[in-house]
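Next come the chains, spelled out residue by residue.
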Amino acid sequence: MEDKYIVVIGGLNMDIAGLSGSNYHEKDSNIGEITLSIGGVGQNIAQNLTRLEAPTYLITVYGDDSFGTILENDCLNNQINLDYAQKIKNAHSSTYLYVANNQGDMVTAINDMTIVNQMTPNFLEERLPFINQAEIVVIDGNISQESIEFLAKNVVPPIFVDPVSLAKVERFENVLNRIDTLKPNDLEAELLTGIKVTDIETGKEAALTLNKRGVKNVFISLGSQGILCSRHDEEPTLIPPIAKKIISTNGAGDCTMATIAWARFYYGDVLALKEIGQISQAAASITMESPLAVSEALNIKNIIHRTTKYMETI
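Residues numbered from 1 in each chain as written. Predicted model: local features only at pLDDT ≥ 70, side-chain atom pairs only at ≥ 80, totals over all residues. Heavy atoms only, no water.

Engineer: Before we go on, may I ask you to explain the pairing of strand S9 (residues 136–140) in this structure?
Structural biologist: Regular strands place their side chains on alternate faces of the sheet. Within S9, 5 of the 5 residues are buried, which leaves it mostly tucked inside the rest of the structure. Note that strand S1 (residues 6–9) and S9 share 4 bridges and pair parallel. Bridging across to S9, Ile6 finds its partner in Ile136. Pairing analysis gives 4 bridges linking S9 to strand S10 (residues 159–162), with the strands arranged parallel. What sits directly across from Ile139, in S10, is Val161. Crossover S9 to S10 through helix H5 (residues 145–154) is right-handed. (Buried < 20%, exposed > 50% of the residue type's maximum accessible area, 1.4 Å probe, protein only. Helix = DSSP H or I, 4+ residues; strand = E, 2+ residues; numbered from the N terminus. Pairing = 2+ DSSP bridges. Right-handed = clockwise from strand over helix to strand, strands pointing away.)

Structure follows, in structure tokens:
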């Protein structure tokens, strides 16, 4: 076991992606490319972290089907430790199907994640001593509200949260004061705060509201406007996007979450909030230039190079 490590608790999926060619037509058969790859928000975050040389354990569940074998082997190949994950007998693995248009934006998706319900409070309690020795615990919103609230009550290390989706963000509503770092998008922030996020100013208002409710660090994704960073004792600041060429936005948010966690893991509280935002945007830009949810080009050297180039332009 590593002396210092990050624990990620969340989903592990088989991703089936349909990427449209130059002409996309809704409700029609489109010429494009179909890929099969390992995914899941938890796994994506974990894989990004290992690419950034952070020892990472993924606590998840997967089936003993053919997809499960592929998922298990790919995790091991990507240096993601599954010692505290569980293969469920006679269960089919979580599967996620999505379609992206010719601009790289997701237009529809279907997820089959029933197996995640096996990650109960009892399942997590068995692993709690190990979880509490981590430097950081990252939770994705795919696990149940009951399990999230169990973790919020019992986890000692800083808790980082990726809500995953609008349908799942409410699972964190009762435990905001136990969250160290939260990365919602504008709609998720709106649901948690009741503040309609329509521009940067309303985004700042929502971020400060989340700070007041106990979240120490808030990073709100505002899409093409960038990421809004807010800390309980600092003025919120917007970091514009860096990406110039976008192939697919799928996985960019997971990369952002991983990079924010990596910055804390390696630098502690030394980095300014603005610097963390810049690093995360640099990492996300690398992901968006790839059709994969986790870019093979993501590494510390490339992030630092891109962040430095970005800093020279402002």
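Engineer: What should I look at first to understand the environment of Cys75 in this one?
Structural biologist: Along the chain, the position of Cys75 falls in helix H2 (residues 66–77). The exposure class assigned to Cys75 is buried, which follows from its relative accessible area of 0%. When the C-alpha positions of Cys75 and Asn132 are compared, they lie 22 Å apart, and in sequence the two are 57 residues distant. Not counting residues up to four positions away in its chain, the partners in contact with Cys75 are Leu12, Ile38, Gln43, Leu58, Ile80 and Leu82. (Contact = heavy atoms within 4.5 Å.)

Engineer: What's the story with the sheet that holds S10 in this structure? I'm lost.
Structural biologist: Backbone-to-backbone hydrogen bonds pair the strands of a sheet. The strands run either parallel or antiparallel. Taken in spatial order, the 8 strands make up an open sheet running S4-S1-S9-S10-S11-S12-S13-S14, and their pairing is mixed. Looking along the sheet, the strands with just one partner apiece sit at the ends: strand S4 (56–59) and strand S14 (237–239). Pairing of strand S12 (residues 217–221) with strand S13 (residues 227–231), which is carried by 5 bridges, proceeds in the antiparallel orientation. Across the sheet, the residue bridging to Val218 is Ser230, located in S13. Across the sheet, helix H8 (residues 252–267) is in contact with S1, S9, S10, strand S11 (181–182), S12 and S13; its angle to S10 comes to roughly 170°. Contacts from helix H9 (residues 273–288) reach S12, S13 and S14 within the one sheet, and its direction differs from that of S13 by about 150°. (Axes fitted to C-alpha atoms, helices over the stretch in contact; angles between N-to-C directions.)

Engineer: Before we go on, may I ask you to explain the pattern of salt bridges in this structure?
Structural biologist: Oppositely charged side chains are able to pair whenever their charged atoms sit close together. All chains considered together, the criterion is met by 9 salt bridges. Across the salt bridge formed by Glu234 and Arg231, the nearest N and O atoms sit 3.0 Å from each other. Among the salt bridges present, the one from Arg264 reaches Asp269, with a minimum N-O distance of 3.4 Å. Here Arg264 falls in the buried class, since its relative accessible area comes to 18%. Taking relative accessible area as the criterion, Asp269 reaches 65% and is therefore assigned exposed. Among the charged side chains, a network of salt bridges with common partners joins Asp180, Arg264 and Asp269. (Salt bridge = Lys/Arg side-chain N within 4 Å of Asp/Glu carboxyl O.)

Engineer: Just checking my understanding: could you explain the sheet that holds strand S3 (residues 32–39) for this structure?
Structural biologist: The mixed open sheet is built from 4 strands, whose spatial order is S3-S2-S7-S8. Strands with a single pairing partner mark the edges of an open sheet, and in this sheet they are S3 and strand S8 (106–112). Pairs of neighbouring strands in the sheet enclose a mean axial angle of 15°, with direction left out of account. Note: strand S2 (residues 13–20) against strand S7 (residues 94–100), 7 bridges, orientation parallel. Looking across to S7, one finds that Leu19 is bridged to Ala100.

Engineer: Before we go on, may I ask you to explain the packing of aromatic side chains in this structure?
Structural biologist: The description of two aromatic rings rests on the distance between their centres and on the angle between their planes. Counted according to the given criterion, the structure contains 9 aromatic pairs. With centroids separated by 4.7 Å and ring planes inclined at 70°, the aromatic side chains of Tyr57 and Phe130 adopt a geometry described as edge-to-face. In this pair, Tyr57 is assigned in strand S4 and Phe130 in helix H4 (residues 128–131), connecting sequence segments 73 residues apart. One exposure class covers both Tyr57 and Phe130, and it is buried. Grouping aromatic residues by their ring pairs yields a cluster made of Tyr5, Tyr57, Tyr84 and Phe130. Stacked on the ring of Phe265, the Lys or Arg Lys4 has its end atom at 5.3 Å from the ring centre. Lying across the ring of Phe123, Arg127 places its NZ or CZ 3.7 Å from the centre. (Phe/Tyr/Trp six-rings, centres within 6.5 Å; stacked < 30°, edge-to-face > 60°. Lys NZ or Arg CZ within 6 Å of the ring centre and 35° of its normal.)

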